[in-house]
Amino acid sequence: MTSKQRAYLKGLAMNIEPIFQIGKSSLTPEVTEAIAESFNTRELIKIAVLKNCMDDPKVIAEMIAERTQSQVVQVIGKKIVLYKESKDHKKIILP
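Rules and cut-offs
- Residues numbered from 1 in each chain as written.
- Predicted model: local features only at pLDDT ≥ 70, side-chain atom pairs only at ≥ 80, totals over all residues.
- Heavy atoms only, no water.
- Axes fitted to C-alpha atoms, helices over the stretch in contact; angles between N-to-C directions.
- Helix = DSSP H or I, 4+ residues; strand = E, 2+ residues; numbered from the N terminus.
- Parallel < 35°, antiparallel > 145°, perpendicular 65-115°, else oblique.
- Left-handed = near helix turned anticlockwise from the far one by under 90°.
- Contact = heavy atoms within 4.5 Å.
- Nonpolar A, V, L, I, M, F, W, Y, C, P; charged D, E, K, R; others polar.
- Buried < 20%, exposed > 50% of the residue type's maximum accessible area, 1.4 Å probe, protein only.
- Arc of directions from axis to C-beta.
- Pairing = 2+ DSSP bridges.

Participant: Tell me about the packing of helix α2 (residues 29–38) against helix α3 (residues 57–68), and name the residues and values.
Facilitator: Orientation of α2 relative to α3, taken along the N-to-C sense of each, is 60°, at an axis distance of 10 Å. Here α3 runs oblique to α2, going by the angle between their axes. The element α2 and its partner α3 pack so that their crossing is right-handed. Two secondary-structure elements touch here, α2 through Thr32, Ile35 and Ala36 and α3 through Ile64, Arg67 and Thr68. In terms of residue class, the contact of α2 with α3 is built from 3 nonpolar, 2 polar and 1 charged.

Participant: So, α2: which residues are in play, and what are the values?
Facilitator: For α2, every residue scored as buried is listed here: Thr32, Ile35 and Ser38. Here the buried residues of α2 occupy an arc of 125° about the axis, which is enough to place them on one side. Turned more than 90 degrees off the buried face of α2, the exposed positions are Pro29 and Glu30. Packing partners of the buried residues in α2 comprise β1 (20–22), β2 (44–49) and α3.

Participant: Any chance you could break down the sheet that holds β2 for me, citing the residues and the numbers?
Facilitator: Spatial strand order, β1-β2-β4-β3: 4 strands in an open sheet with mixed pairing. The open sheet has two edge strands with one neighbour each: β1 and β3 (71–76). Between one strand axis and the next, the sheet turns through 25° on average, direction left out of account. Where β2 lies against strand β4 (residues 79–83), 5 bridges are found, and the strand directions are antiparallel. Counted as the bridge partner of Ile45 is Leu82 from β4.

Next up, the structure:
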C-alpha cells in the first residue's frame, strides 16, 4: 500500500464509526472471527480498544491484520483502522 493510498483510506476512515470494541478479555478467537467475517461486506473497518484492555493497540492491530490477511491503515490512540480488498469487486477505488 502506497502512502497516497494510505492517506486516502485515512480520510475515508474519519467518517466511519467503530464496529467492534476490544475490551478486558483482549483479542479472543471469537472477535477475530467476527472481524474476518465483516470483511465480507466492507473493506474498511474501524475498531475501538477500550480503556480496560491492557494490551497495546498497535500489537492488537498487527495480530488482527495477520490473522485476517488485512492491512493496518492506522492506529491512533485506541482506534484501529484496517483495510482488506474485496474478493468480489473493488468497493473502494484506491488512487
